[in-house]
Amino acid sequence: MIAKQLEKEFDVLVVGELNVDLILNQINKFPEMGKEMLAGHMTLTLGSSSAIFASNLSTLGSRVTFAGNLGHDNFGDHILSSLKAKGVSTIFINRSVKQNTGATIVLNFDEDRAMVTYPGAMKYLTIKDIPDQALHQAKHLHLSSIFLQSGLAPDIVALFKKAKQLGLSTSLDPQWDPAEKWELNLSELLPFVDVFMPNMTELKALTKCVDLASGLSKLQPIANKIVVKNGSNGAYLWQENTLIHQPSFLNQEVVDSIGAGDSFDAGFIHQFLLGKPDEECLRFGALTGAINTTRPGGTGAFENLAMVKAIAQSSFNYIF
Ligand SMILES: Nc1ncnc2c1ncn2[C@@H]1O[C@H](COP(=O)(O)OP(=O)(O)OP(=O)(O)O)[C@@H](O)[C@H]1O
Ligand SMILES: [Mg+2]
């Protein structure tokens, strides 16, 4: 009976940004001011690092809830229904009548892409929007894209500290800083972050170091686990002076790599919460990152668990 009362409803509380991606494909040149051009294909899909992470983590089998902000508009409806369809709880998502839901317009041209993001409601998420109940009901806190969330940034240390005090484990994927200022109080924050998950460029920018070794040694006194993603070169895990490298699962036919980092995070955290050793978490993260690149967008390969397993076996000869 007591054990039942203590059982938490969610494995992971994701705090973060929510927006749609409007992806325009098959354009034959970059747009020019004052002129109109046509795209051959258009997709409206769930965007944002945090939402892709939450959605794919839920597909893998973790129980996920989300705290974030949406507007009262069609894009907000689309995001809510996409999350619900993947089994993500949306009870801690606020809807504002004052702000619109954010959107990223993606122009895909050859192998390259240009993006413009309107942050909208996500900018106004503050620590007050994350009720204690949300933290009490989860075993783990994950936060992504802190530089897109100016309303939350001043309180990020307080949020992670509170989560640790309540007994949650924690992870943070900082993601890119569009302002390229990289102002994050790492020495205060990282002691409360169990798994810090930047990519290689972000690690270098945040530490103002030129390579992996110097970046890691700078964080050594303050960090717990550091996981560094490096695209098709795989990923690294560093803890207590031990560095593990996981090569990527070779994908000969990459469709796109939108959300590969978030899918990596989902695979890693799913295994981490099952208590698996570092090597297994890292390998599974690399697998789910590679699986992400076999279908369009961040969630295309994660429709359901059967699909993820089928791609793992057929594309990477991996059975789970
Ligand atoms: N082309 C690829 N082939 C195989 N695996 C890949 C490929 N690209 C990424 N991965 C896997 O996914 C992981 C995460 O990708 P990446 O390093 O691009 O993260 P990121 O830069 O954080 O991405 P995001 O733009 O989604 O935030 C890599 O460490 C790797 O294991
Ligand atoms: Mg990333």
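Below is a summary of the structure that appears in this document.

In this structure, Ser145 is a non-glycine residue whose phi angle is positive, near 60°. The residue Ser145 is located in the loop between strand S8 (138-144) and helix H5 (156-165) in this model. Of note in the backbone geometry, Asn241 takes a positive phi value of approximately 65° without being a glycine. Take Asn241: it is sitting in the loop between strand S12 (235-239) and strand S13 (242-246). Residue Asn241 is classed as exposed on the basis of its relative accessible area, which comes to 56%.

Moving on: the sheet that holds strand S3 (residues 41-46). A sheet is described by the order of its strands in space; here four strands give the open sequence S3-S2-S6-S7, paired in mixed fashion. Strand pairing shows two members of the sheet lacking a second neighbour, S3 and strand S7 (112-120), which therefore form its edges. Here the average twist between neighbouring strands, direction ignored, is 15°. Lying on the sheet, helix H3 (residues 74-85) is in contact with strand S2 (19-25), S3 and strand S6 (101-109); it crosses S3 at an angle near 65°.

Around ligand 1 there are 20 residues in total, and Asn199, Gly231, Gly234, Phe249 and Gly261 lie nearest to it. Contacts to ligand 1 include Ala260, whose backbone N or O atom sits 3.3 Å from an oxygen atom. Within the contact set of ligand 1, an oxygen atom lies 2.8 Å away from a backbone nitrogen or oxygen of Gly261. Burial of ligand 1 by the surrounding chains reaches 85%, relative to a free accessible area of 630 Å².

This brings us to the nonpolar core. Counting 44 residues, the largest nonpolar core has Phe268 and Ile291 as its most contacted members. Secondary-structure elements contributing two or more residues to this core are strand S1 (10-15), helix H2 (49-60), strand S4 (64-71), H3, S12, helix H9 (260-273), helix H10 (278-292) and helix H11 (305-316). It is H10 that provides the largest number of residues to this core, a total of seven residues. Excluding residues within four positions of it along the chain, Ile291 makes contact with Ala301, Phe302, Val308, Ile311, Ala312 and Phe316. Within the second largest apolar cluster, 40 residues are counted, among which are Ala134, Leu141, Phe160 and Ala163.

Procedures and definitions
- Residues numbered from 1 in each chain as written.
- Chains lettered and ligands numbered in written order.
- Predicted model: local features only at pLDDT ≥ 70, side-chain atom pairs only at ≥ 80, totals over all residues.
- Heavy atoms only, no water.
- Helix = DSSP H or I, 4+ residues; strand = E, 2+ residues; numbered from the N terminus.
- Buried < 20%, exposed > 50% of the residue type's maximum accessible area, 1.4 Å probe, protein only.
- Pairing = 2+ DSSP bridges.
- Axes fitted to C-alpha atoms, helices over the stretch in contact; angles between N-to-C directions.
- Contact = heavy atoms within 4.5 Å.
- Near = heavy atom within 4 Å.
- Polar contact = N/O pair within 3.5 Å; in protein donor to acceptor, adjacent residues only side chain to side chain.
- Areas by Shrake-Rupley, 256 points an atom, 1.4 Å probe, with all protein chains shown as cover.
- Core = buried A, V, L, I, M, F, W, Y, C linked by side-chain atoms within 4.5 Å.

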